[in-house]
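# Working through the structure, step by step
Here's the letter readout for the chains.
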Amino acid sequence: MILNKETAIKTAEVLLQIKAIKLEPQEPFTWASGWKSPIYCDNRIVLSYPLIRNFIRENFAKQVEEIYGKPDVIAAVATGAIGIGMLVAEYLSLPFVYVRPEAKSHGRKNQIEGNLEAGQTVVVIEDLISTGGSSLNAVKALRDSGANVKGMLAIFSYGFDIAKENIKNADLEVHTLSNYDYLIETAKRTSYIKESEVELLKSWRKDPAKWNPE
Ligand SMILES: O=P(O)(O)OC[C@H]1O[C@H](OP(=O)(O)OP(=O)(O)O)[C@H](O)[C@@H]1O
Ligand SMILES: O=C(O)c1cc(=O)[nH]c(=O)[nH]1
């Protein structure tokens, strides 16, 4: 869900400005889910731009406070959201943890790194939602450890039905700073993408799980 339309447009603009959005239909990207895609949104690049990471940090912090007040802990989904999640926690003067995809097989064998007490309220920060599998895996680990997960905020979501279904089944509240619709509108308005690319993205978006570049 988008909380603020202006933030959604501005977030799409800054992602395009720093070229976080990559289009490579000839050499499709393989996503975490295994899907092939002509588009990749690399939000990790945000960290390389101080003004833009401040914008993302402040909007995340504003939305966390607006929706949840002050949770006990900010958690990030590893690795893509660790940097930005830490900046949000720092801005709000809150404790921080991050959640690995799975527990380490050596050392302390942790999946959640940092200190988290059972019963603490947690807001999860994620960089991007495609199917929602990675985010929900992290939420499950947090819940299994006894945390009270209030909700999740992500920079961007593609808005796929499968993600909506997964999120609903997990009974999780999710807000995003921007999404695919705002991104495409902004990319068209700023001529970041050509008309032929708009058509390609439209046909891909109809059934991304089965998209075939041939
Ligand atoms: O919604 P999903 O289908 O799970 O896909 C989105 C996930 O994919 C990316 O992580 P990736 O696995 O590439 O790892 P990284 O965060 O370590 O870069 C991204 O950071 C999300 O966590
Ligand atoms: O699904 C993914 O793996 C994925 C898609 C995308 O656009 N960006 C990203 O970082 N991961």
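Up top you'll find the structure we're talking about.
The paragraphs below set out a description of the structure included in this document.

The rules behind each value
Residues numbered from 1 in each chain as written. Chains lettered and ligands numbered in written order. Predicted model: local features only at pLDDT ≥ 70, side-chain atom pairs only at ≥ 80, totals over all residues. Heavy atoms only, no water. Pairing = 2+ DSSP bridges. Helix = DSSP H or I, 4+ residues; strand = E, 2+ residues; numbered from the N terminus. Contact = heavy atoms within 4.5 Å. Axes fitted to C-alpha atoms, helices over the stretch in contact; angles between N-to-C directions. Buried < 20%, exposed > 50% of the residue type's maximum accessible area, 1.4 Å probe, protein only. Right-handed = clockwise from strand over helix to strand, strands pointing away. Phe/Tyr/Trp six-rings, centres within 6.5 Å; stacked < 30°, edge-to-face > 60°.

Hydrogen bonds between backbone atoms are what pair the strands of a sheet, whose relative direction is either parallel or antiparallel. In spatial order, the strands read 7-6-5-8-9-10; together these six strands make up an open sheet with mixed pairing. The open sheet has two edge strands, strand 7 (112–113) and strand 10 (174–179), and neither has a second partner. Inspection of the sheet shows strand 5 (residues 73–77) paired to strand 6 (residues 96–99) by four bridges, in the parallel sense. Residue pairing across strands places Ala 76 opposite Tyr 98, the latter belonging to strand 6. On top of the sheet, helix 2 (residues 50–68) reaches strand 5, strand 8 (121–129), strand 9 (148–157) and strand 10; it is set at about 145° to strand 9, its chief contact. The sheet strands contacting helix 4 (residues 133–144) are strand 5, strand 6, strand 7, strand 8 and strand 9, and the helix crosses strand 8 at an angle near 165°.

By the element assignment, Asn 169 lies in helix 5 (residues 161–169). Distance in space between the C-alpha atoms of Asn 169 and Leu 136 is 10.0 Å, their sequence separation being 33 residues.

The element strand 10 is extensively covered by neighbouring structure, given that six of its six residues are classed as buried. As paired strands, strand 9 and strand 10 are joined by five bridges and run parallel to one another. Note on strand 10: the bridge partner recorded for Phe 156 is Ser 178. Note that the unit made of strand 9, helix 5 and strand 10 has a crossover that is right-handed.

The next thing to look at is the packing of aromatic side chains. How two aromatic rings sit relative to each other is given by the distance of their centres and the angle of their planes. All chains considered together, the criterion is met by 12 aromatic pairs. Ring geometry for Tyr 158 and Tyr 180: centres 5.8 Å apart, planes at 40°, overall tilted. One end of the pair, Tyr 158, is in the loop between strand 9 and helix 5; the other, Tyr 180, is in helix 6 (residues 180–189), with 22 residues separating them in the sequence. Relative accessible area serves as the criterion here: at 2%, Tyr 158 is assigned to the buried category. Within the aromatic cluster, the residues linked to one another by ring pairs are Trp 31, Trp 35, Phe 156, Tyr 158, Phe 160, Tyr 180 and Trp 204.

This is a description of form; function is not addressed.
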